[in-house]
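# Fold and geometry: a report
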Amino acid sequence: QLQLVESGGGLVQPGGSLRLSCVTSGFSLDNYAIGWFRQASGKEREGVSCISKSGGSPNYADSVKGRFTISRDNAKNTAYLQMNSLKPEDTAVYYCAVRYVYCSNSGTDFGSWGQGTQVTVSS
C-alpha cells in the first residue's frame, strides 16, 4: 500500500527557514516524480515544486523560485523541500505527492498523496 508522510512544518518568523520531509513506503521511489503542493486556508491548492525521476531541471512556482529547493534521496525513499526566506504568504498546508516518471504542475495528475504538514510564517 502506497504511503507518504510529510513532516517538518511548524511556526517560523518571516525570513526564517524550514525543511520539509516526505517519507514514502510501499513502492520503489526510483521511477516516480515527486511534487510539493500547498493549500492556504480558503484558497485553491497550488503546485510549489516538482522533481522528475531523473532529478534534472526541477521546476518551481514563480512565487518560490530562488527561495525553495526540492531534492530527493531514493535510497531513503524520501523527498525534501528546503524553504528559505519564508514569507507570510507561504503559510499553508504543504503536501507531497508522486506520479510516474514525469513532473506535472497539476495536482490531478498525481495519484498518491500525503496528509500534509502545516507551515505558518508569522511575526
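Up top you'll find the structure we're talking about.
Residues numbered from 1 in each chain as written. Predicted model: local features only at pLDDT ≥ 70, side-chain atom pairs only at ≥ 80, totals over all residues. Heavy atoms only, no water.

Moving on: the state of the cysteines. Evaluation of the coordinates by the stated rule reveals two disulfides. Each sulfur in the disulfide pair Cys 50 and Cys 103 lies 2.2 Å from the other. Looking down the S-S bond of the Cys 50 and Cys 103 bridge, the torsion is -95°, so its handedness is left-handed. Of this pair, Cys 50 sits in strand 5 (residues 46-51) while Cys 103 sits in the loop between strand 9 (92-100) and strand 10 (112-113), placing them 53 residues apart in sequence. A relative accessible area of 1% means that Cys 50 is categorised as buried. A relative accessible area of 27% means that Cys 103 is categorised as partly exposed. Numbered by position along the chain, the disulfide-linked cysteines of the chain connect as 1-3, 2-4. (Disulfide = S-S within 2.5 Å. Helix = DSSP H or I, 4+ residues; strand = E, 2+ residues; numbered from the N terminus. Buried < 20%, exposed > 50% of the residue type's maximum accessible area, 1.4 Å probe, protein only.)

The next subject is the sheet that holds strand 3 (residues 18-25). Judged by pairing direction, the sheet is antiparallel, and its four strands sit side by side in the order 1-3-8-7 without closing on themselves. Every other strand in the sheet has two partners, leaving strand 1 (3-7) and strand 7 (68-73) as the edge strands with one partner each. Going across the sheet, the axis of each strand differs from the next one's by a mean of 15°, ignoring polarity. Sheet topology places strand 7 next to strand 8 (residues 78-83); six bridges connect them, and they run antiparallel. Paired with Asp 73 across the strands is Thr 78, a residue of strand 8. (Pairing = 2+ DSSP bridges. Axes fitted to C-alpha atoms, helices over the stretch in contact; angles between N-to-C directions.)

With that out of the way, let us pick up the nonpolar core. Among the nonpolar cores identified, the biggest contains 26 residues, and Trp 36, Phe 68, Leu 81, Met 83 and Tyr 94 are the most heavily contacted of them. Elements with a minimum of two residues in this core: strand 3, strand 4 (32-39), strand 5, strand 7, strand 8, strand 9 and strand 11 (117-121). Looking at this core, the element that brings in the most residues is strand 9, giving four residues. Non-local contacts of Leu 81, meaning those with residues more than four positions away in its chain, are made with Leu 18, Arg 19, Leu 20, Trp 36, Val 48, Ser 49, Phe 68, Thr 69, Ile 70 and Tyr 94. Counting five residues, the second-largest nonpolar core is a separate cluster that includes Ala 33, Phe 37, Ala 97 and Phe 110. (Core = buried A, V, L, I, M, F, W, Y, C linked by side-chain atoms within 4.5 Å. Contact = heavy atoms within 4.5 Å.)

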